[in-house]
Amino acid sequence: MGRGGIGGGAAAAAAAAVVENTDSTRGFVKDVKRIIIKVSEAATRRTVERTSMCQLIGATIFQVKQLNFEGYEVILVTSGAVGVGRQRLKYRKLINSSFADLQNPQTDMDGKACAAVGQSGLMAIYDTLFSQLDVTSSQLLVTDRDFLDPSFGNQLRETVDSLLDLKVIPVFNENDAISTRRQPYEDSSGIFWDNDSLARLLAQELKADLLIMLSDVEGLYSGPPSDPQSKIIHTYVHEQHEKLISFGEKSRVGRGGMQAKVAAAVTAASNGIPAVIASGFAIDSIIKVIRGEKIGTLFHKEASQWDCSREVTAREMAVAARDCSRHLQKLSSEERKKILLDIADALEANEDLIRSENQADLAVAQDLGYDKPLLARMTIKPGKIMSLAGSIRAIADMEDPISHTLKRTEVAKDLVFEKTYCPLGVLLIIFESRPDALVQIASLAIRSGNGLLLKGGKEAMRSNTILHKIITGAIPEAVGKKLIGLVKNKDEIADLLKLDDVIDLVIPRGSNKLVSQIKAETKIPVLGHADGICHVYIDKSADMDMAKRIVLDAKVDYPAACNAMETLLVHKDLNRTEGLDDLLVELEKEGVVIYGGPVAHDTLKVPKVDSFHHEYNSMACTLEFVDDVQSAIDHINRYGSAHTDCIITTDGMAAETFLQQVDSAAVFHNASTRFCDGARFGLGAEVGISTGRIHARGPVGVDGLLTTRCILRGSGQVVNGDKGVVYTHRELPLQ
């Protein structure tokens with residue numbers, strides 16, 4: 001009964017786009033065929049009140065058309081006839097009223113009259129919008145007493161089955177014009193009381209596989225949706241949530257709205273029909289529900305049996321990581337070292353599984369047409385796991401950084417001050433593309449005693465998931481598996497970025513857009529770099545054979561890396577020289593596209609454009625000529641990103657001037673920019689490269705994940721206005 005996907009030829013794109021948000025508990029949607037959708041009453045009401053709001057109900061209809069095309073059987077239940085009729089009757093009454101009538105307006109209108117007038121108008125909206133999509137719809141009006149007839153159910157199913165076979169969309173509505181039912185608080189014995197309970201009843205009568213109830217909010221909240229403390233409940237468990245949620249008159253989820261939807265969803269779920277309450281104003285909420293994404297609130301008969309029935313909030317995840325980090329800090333250095341060695345062994349033992357999951361990620365990424373640099377960053381190549389394991393063992397063999405004493409000072413007699421290293425606390429790392437980053441970051445966090453929350457890109461979700469499982473599997477229960485949390489839903493990032501009282505540092509690893517966005521959305525300190533605009537300057541005294549080796553390595557060794565050369569600066573005296581010609585030819589042979597500067601070499605058959613405004617391409621390189629070393633320094637300080645910059649020269653004075661005056665996190669002399677790496681610097685690994693000026697700068701290893709604290713050991717001393725205290729401030733040897 002299941003369907004192959006949404007969107008025909010775009011199925012692969014759809015599948016990849018939702019990996020990040022897919023909820024494993026919603027896997028049942030793959031077997032869904034018949035769907036009943038209760039259209040948001042707010043959408044229909046607003047459509048009547050403001051014509052421009054037709055796009056809201058139109059978004060629902062467009063999704064219904066898409067599902068219909070894919071072979072799903074879609075049935076709509078709609079509200080709004082009374083609202084449409086009331087608007088029409090108000091208008092008619094206004095134009096036919098006398099001046100005396102207007103002086104004494106009557107606000108009450110007969111609801112049945114409104115319903116009778118509004119039915120045709122409501123269906124006109126559906127007919128018009130469906131017709132524009134080349135879809136046929138039909139109206140079916142029912143009343144409470146219809147269902148009292150034992151034969152009605154069979155007749156109803158026959159009619160609906162016929163319509164669905166013809167690809168016609170049945171649109172149900174209660175016939176309020178002739179309904180005899182009373183409100184549930186007046187008579188609780190009715191078969192249904194509103195269109196929400198009608199949708200639930202039809203789901204049972206028509207044997208639906210899924211009931212989707214659209215609302216004017218994203219789902220069921222723990223409190224009023226307008227309250228910042230309220231959180232959406234993604235999976236409703238009756239025993240857990242029934243008494244926690246109140247429906248008040250002043251709440252947007254108040255009586256007659258969300259309360260009715262929850263009652264209908266609970267009943268449907270108890271009868272074996274899963275139900276989801278989701279936003280009717282999101283343009284793709286229905287499609288996301290069918291894909292199994294974690295949106296809205298799910299009601300399911302077996303929800304109470306799921307481990308995830310009690311959802312872990314962003315705060316709970318961060319607090320758990322902090323608590324586990326404190327357990328980790330209690331361990332001896334050898335015990336923490338053993339955890340790392342166990343992780344290294346586990347990675348090597350599961351290499352085939354890791355690479356299999358990575359290949360699955362790559363297959364989807366290739367189908368989506370991702371560019372080669374991104375695919376290169378995603379790929380776990382043969383030998384990579386062994387290399388990662390080696391880095392982990394190198395980190396394990398480092399001197400224990402926790403509680404390492406940096407300074408001891410005698411403040412006064414028998415009063416000793418100590419400054420020691422200590423972990424930062426909880427780190428949130430948001431990274432793109434590279435699953436190997438997860439391993440490096442986790443290893444550094446464990447060695448430095450920090451809790452860790454990781455959010456990788458959706459393109460490498462399977463790779464990240466298996467790596468996380470293997471790593472946390474090696475963490476002993478005495479510490480806790482929640483030491484390292486893997487955030488799978490991008491919606492959770494916003495909540496995490498608000499937790500400046502629990503999370504101590506955010507490290508984004510990715511594009512300029514990602515880093516800038518993170519910095520704008522959080523009060524938590526952010527460590528990292530937005531750009532990797534690295535320069536290599538060839539001075540007039542450079543050895544050109546050396547220059548060729550360095551420049552080729554800096555650009556071609558790994559073009560997608562942040563420490564790859566972006567701009568080649570050349571002393572003007574080298575223009576039109578044989579050595580530079582040879583270098584440019586070699587770059588072009590390697591596939592590097594060279595953009596010429598204002599006085600670019602005559603042989604370059606490329607546009608002359610501003611070096612810092614051409615479209616980014618990892619195989620592109622800008623060539624600029626400068627007057628001297630000071631011009632090169634000024635150019636780098638003005639246009640660079642303070643990442644890594646290099647001078648190639650045999651002039652010692654020029655080299656020292658460059659090294660002292662270039663204001664970057666890493667400055668090299670006669671060495672490729674590709675050396676700017678935690679592992680190559682002997683740090684074991686890195687969580688990223690920081691171009692900031694507070695805390696760590698350059699490749700950030702274990703030391704960059706530590707801060708300091710002050711310890712004072714006394715023997716009963718008090719300040720008392722500094723009376724009787726003799727300050728010695730004598731440096732003491734480290735112990």
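Cut-offs applied
Along every chain, residues carry numbers that run from 1 in the direction the sequence is written. With pLDDT at 70 or above as the cut-off, local features in this predicted model cover only qualifying residues; side-chain atom pairs require 80 or more to be listed or tallied, and sums for whole chains, interfaces and linings still use all residues. As a rule here, side-chain values cover all heavy atoms of the structure and leave hydrogens and water aside. Helix numbering and strand numbering both begin at the N terminus, where a helix is a DSSP run of H or I of at least 4 residues and a strand a DSSP run of E of at least 2. By the convention used here, residues are in contact when the closest approach between their heavy atoms is within 4.5 Å. Surface accessibility in these figures is a Shrake-Rupley result with a 1.4 Å probe; residues are shielded only by whichever protein chains are displayed. Accessible area is worked out with a 1.4 Å probe on protein chains only. A residue is then buried under 20% of its type maximum, exposed over 50%, and partly exposed in between. Being paired, for any two strands, means DSSP has found at least two bridges between them. A side-chain nitrogen of Lys or Arg and a carboxyl oxygen of Asp or Glu constitute a salt bridge if their distance falls within 4 Å. To obtain each axis, a line is fitted to C-alpha atoms, and for helices this fit is confined to the stretch in contact; angles are then taken between N-to-C directions over 0 to 180 degrees. Small angles under 35 degrees read as roughly parallel and large ones over 145 as roughly antiparallel, with 65 to 115 read as roughly perpendicular and the rest as oblique. Each crossing gets its handedness from the near helix: less than a right angle anticlockwise from the far helix is left-handed, clockwise is right-handed. Under the grouping applied here, Gly and all other residues not named as nonpolar or charged are polar, the nonpolar ones being Ala, Val, Leu, Ile, Met, Phe, Trp, Tyr, Cys and Pro and the charged ones Asp, Glu, Lys and Arg. Here the expected span of a helix is defined as 1.5 Å times the quantity of residues minus one. Remark: nonpolar core denotes a set of buried residues (Ala, Val, Leu, Ile, Met, Phe, Trp, Tyr, Cys) joined through side-chain atoms within 4.5 Å. Like-charged residues within 9 Å of one another, or nonpolar side chains (Val, Leu, Ile, Met, Phe, Trp, Tyr) within 5 Å, are grouped into patches, provided each residue has over 30% relative accessible area and no salt bridge. Positive charges come from Lys and Arg, negative ones from Asp and Glu, while His and the chain ends are left out of the count. Charged side chains are reduced to one point each, which is NZ for Lys, CZ for Arg, CG for Asp and CD for Glu. Any pair of nitrogen or oxygen atoms within 3.5 Å is treated as a polar contact; in protein, a donor-acceptor pairing is required on top of that, and neighbouring residues in sequence qualify only through side-chain atoms on both sides. Each pair of aromatic rings taken from Phe, Tyr and Trp, with Trp reduced to its six-membered ring, is defined by centres within 6.5 Å and is described as stacked if the planes are under 30 degrees apart, edge-to-face if over 60, and tilted in the remaining cases.

Student: Describe the overall build of the chain, listing the residues and the values that go with them.
Tutor: In terms of helices and strands, the chain carries 24 helices and 24 strands. Nonlocal contacts in the chain, meaning residues at least 24 apart in sequence, comprise 75% of its contacts between residues at least 6 apart. In the structure as shown, the chain presents an accessible area of about 34,100 Å², 50% of it carried by carbon and sulfur atoms.

Student: I'd like a rundown of unusual backbone geometry, residues and numbers included.
Tutor: Phi at aspartate 134 takes a positive value of approximately 60°, unusual for a residue other than glycine. Exposure remark for aspartate 134: the relative accessible area of 74% places this residue in the exposed category. A positive phi angle, near 60°, is found at aspartate 414, a position not held by glycine. Here aspartate 414 lies in the loop between strand S9 (405-412) and strand S10 (415-423). Looking at aspartate 414, the relative accessible area reads 47%, which means it is partly exposed.

Student: If you had to explain the pairing of S10 to someone new, which residues and values would you point to?
Tutor: Counting buried positions along S10 gives seven out of nine residues, so the element sits mostly inside the fold. Sheet analysis places S9 next to S10, joined by six bridges and oriented antiparallel. The partner of glutamate 410 across the bridge, within S10, is valine 416. Two successive antiparallel strands, S9 and S10, enclose a turn made up of two residues, where aspartate 414 displays a positive phi of approximately 60°. Here S10 pairs with strand S23 (residues 706-713) via eight bridges, running antiparallel. By the bridge assignment, tyrosine 421 is partnered in S23 with threonine 708.

Student: Go over the pattern of salt bridges, please, and point to the residues and values.
Tutor: Evaluation of the coordinates by the stated rule reveals 27 salt bridges. One salt bridge connects lysine 261 with aspartate 196, and the closest N-O pair in it is separated by 3.6 Å. Of this pair, lysine 261 sits in helix H10 (residues 258-270) while aspartate 196 sits in helix H8 (residues 195-205); the two residues are 65 residues apart in sequence, bridging distant segments of the chain. Of the two residues examined, lysine 261 and aspartate 196, each falls in the buried class. As a salt-bridge pair, aspartate 345 and arginine 393 come within 2.9 Å of each other at their nearest N and O atoms. Here the residue aspartate 345 occupies a position in helix H13 (residues 333-349), and arginine 393 occupies one in helix H16 (residues 384-396), the gap between them amounting to 48 residues.

Student: Report on the packing of helix H23 (residues 629-639) against helix H24 (residues 652-661), specifying residues and quantitative values.
Tutor: How two helices sit against one another is set out by the angle between their axes and by the gap between those axes. Viewed as axis vectors pointing N to C, H23 and H24 meet at an angle of 20°, and their least axial separation amounts to 10 Å. Considering their axes alone, H23 and H24 lie roughly parallel with respect to each other. Handedness of the H23/H24 crossing: right-handed. Contacts between H23 and H24 pair Val629, Gln630, Ile633, Ile636 and Asn637 from the former with Ala654, Thr657, Phe658 and Gln661 from the latter. Split into classes, the residues belonging to the contact of H23 with H24 amount to five nonpolar, four polar and no charged.

Student: Outline the sheet that holds strand S16 (residues 565-571), supporting the account with residue identities and numerical values.
Tutor: Pairing is parallel across the open sheet formed by six strands, whose spatial order is S17-S18-S16-S15-S19-S20. The strands lining the two open edges of the sheet, one partner per strand, are strand S17 (593-596) and strand S20 (666-669). Taking each pair of neighbouring strands and ignoring which way they run, the sheet shows an average axis angle of 20°. Bridge count for strand S15 (residues 534-538) against strand S19 (residues 644-648) is four bridges, and the pairing is parallel. Looking across to S19, one finds that isoleucine 538 is bridged to isoleucine 648. Strand contacts of H24: S15, S19 and S20, with the helix running at about 175° to S20, the strand carrying the most contacts.

Student: Give me the sheet that holds strand S1 (residues 34-38): which residues, what numbers.
Tutor: With mixed pairing, eight strands are arranged side by side in an open sheet as S3-S4-S2-S1-S5-S7-S8-S6. Only two strands of the sheet have a single partner each, and these edge strands are strand S3 (137-142) and strand S6 (235-236). Strand direction decides the pairing type here: S1 and strand S2 (residues 73-77), joined by five bridges, are parallel. Along S2, the bridge assignment pairs arginine 34 with glutamate 73. Contacting S1, S2, S3 and strand S4 (169-174), helix H7 (residues 152-165) runs over the sheet at an angle of about 145° to S4. Along the sheet, H10 contacts strand S5 (210-215), S6, strand S7 (275-279) and strand S8 (297-299); its crossing angle with S5, the most-contacted strand, is approximately 170°.

Student: How would you summarise helix H17 (residues 436-448) if you had to cite specific residues and measurements?
Tutor: Think of an α-helix as 3.6 residues a turn; residues three or four steps apart then line up on the same face. End to end, H17 covers 19 Å across 13 residues, agreeing with the expected 18 Å (1.5 Å per residue, within 8%). Counting buried positions over the 13 residues of H17 gives 13, a clear majority of the element. Looking one or two residues beyond H17, the residue adopting positive phi is glycine 449, at roughly 80°.

Student: Pulling in residues and values, what's your account of the nonpolar core?
Tutor: By size, the foremost hydrophobic cluster in this structure holds 51 residues, and its most contacted members are Leu347, Leu452, Leu454 and Ile484. With eight residues, H17 is the single largest residue contributor to this core.

Student: Give me the lowdown on a negative patch on the surface, citing residues and values where you can.
Tutor: Judged by side-chain charge, Asp543, Asp545, Glu578 and Asp582 come together as a negatively charged surface patch. You can see glutamate 578 is positioned in helix H22 (residues 578-589). Given the relative accessible area of 63%, glutamate 578 is considered exposed.

Student: I'd like to hear about the side chain of arginine 509, residue by residue, with values.
Tutor: Along the polypeptide, arginine 509 turns up in strand S14 (residues 505-509). The side chain of arginine 509 is buried and forms no salt bridge, while glutamate 686, the nearest opposite charge, is found at 4.3 Å. Here glutamate 686 takes part through its backbone oxygen, which lies 3.4 Å from a polar atom of the side chain of arginine 509. Discounting residues that sit within four places of it in the chain, arginine 509 has contacts with Ile430, Phe431, Glu432, Arg434, Ala437, Gln440, Ile441, Leu514, Glu686, Val687 and Gly688.

Student: Lay out the packing of H16 against H17 with the relevant residues and their values.
Tutor: Interaxial distance between H16 and H17 falls to 10 Å at its minimum, and their mutual angle equals 15°. Considered as vectors, H16 and H17 are oriented roughly parallel to each other. Handedness of the crossing formed by H16 with H17: right-handed. Across from Lys384, Leu388, Ile392, Ile395 and Ala396 in H16, the residues of H17 making contact are Asp436, Val439, Gln440, Ser443, Leu444 and Arg447. Across the contact of H16 with H17, the residue classes break down as six nonpolar, two polar and three charged.

Student: Would you mind going over the environment of arginine 336 in detail, with residue names and values included?
Tutor: Tracing the backbone shows arginine 336 in helix H13. Assessed through its relative accessible area of 2%, arginine 336 is described here as buried. Excluding residues within four positions of it along the chain, arginine 336 makes contact with Leu328, Gln329, Leu331, Asp400, Ile402, Ile446 and Arg447.

Student: I'd like to hear about the packing of aromatic side chains, residue by residue, with values.
Tutor: All told, the structure shown has five aromatic pairs when counted by the stated rule. Here the aromatic rings of phenylalanine 147 and phenylalanine 152 are separated by 5.0 Å at their centres, their planes lie at 80°, and the arrangement is edge-to-face. A single burial state applies to phenylalanine 147 and to phenylalanine 152, both of which are buried. Pairing tyrosine 537 with phenylalanine 658 gives two aromatic rings, centres 6.5 Å apart and planes at 15°, and the pair type is stacked. A residue pair is termed long-range when its members are at least 10 positions apart, and tyrosine 537 in strand S15 and phenylalanine 658 in helix H24 qualify at 121 residues.

Student: For helix H12 (residues 314-330), give the residues involved together with the corresponding values.
Tutor: Taking 1.5 Å as the rise per residue, H12 with 17 residues should run 24 Å; its terminal C-alpha atoms sit 25 Å apart, in good agreement. Packing partners of the buried residues in H12 comprise H13, strand S11 (426-431), H17, strand S12 (451-455) and helix H19 (491-496).

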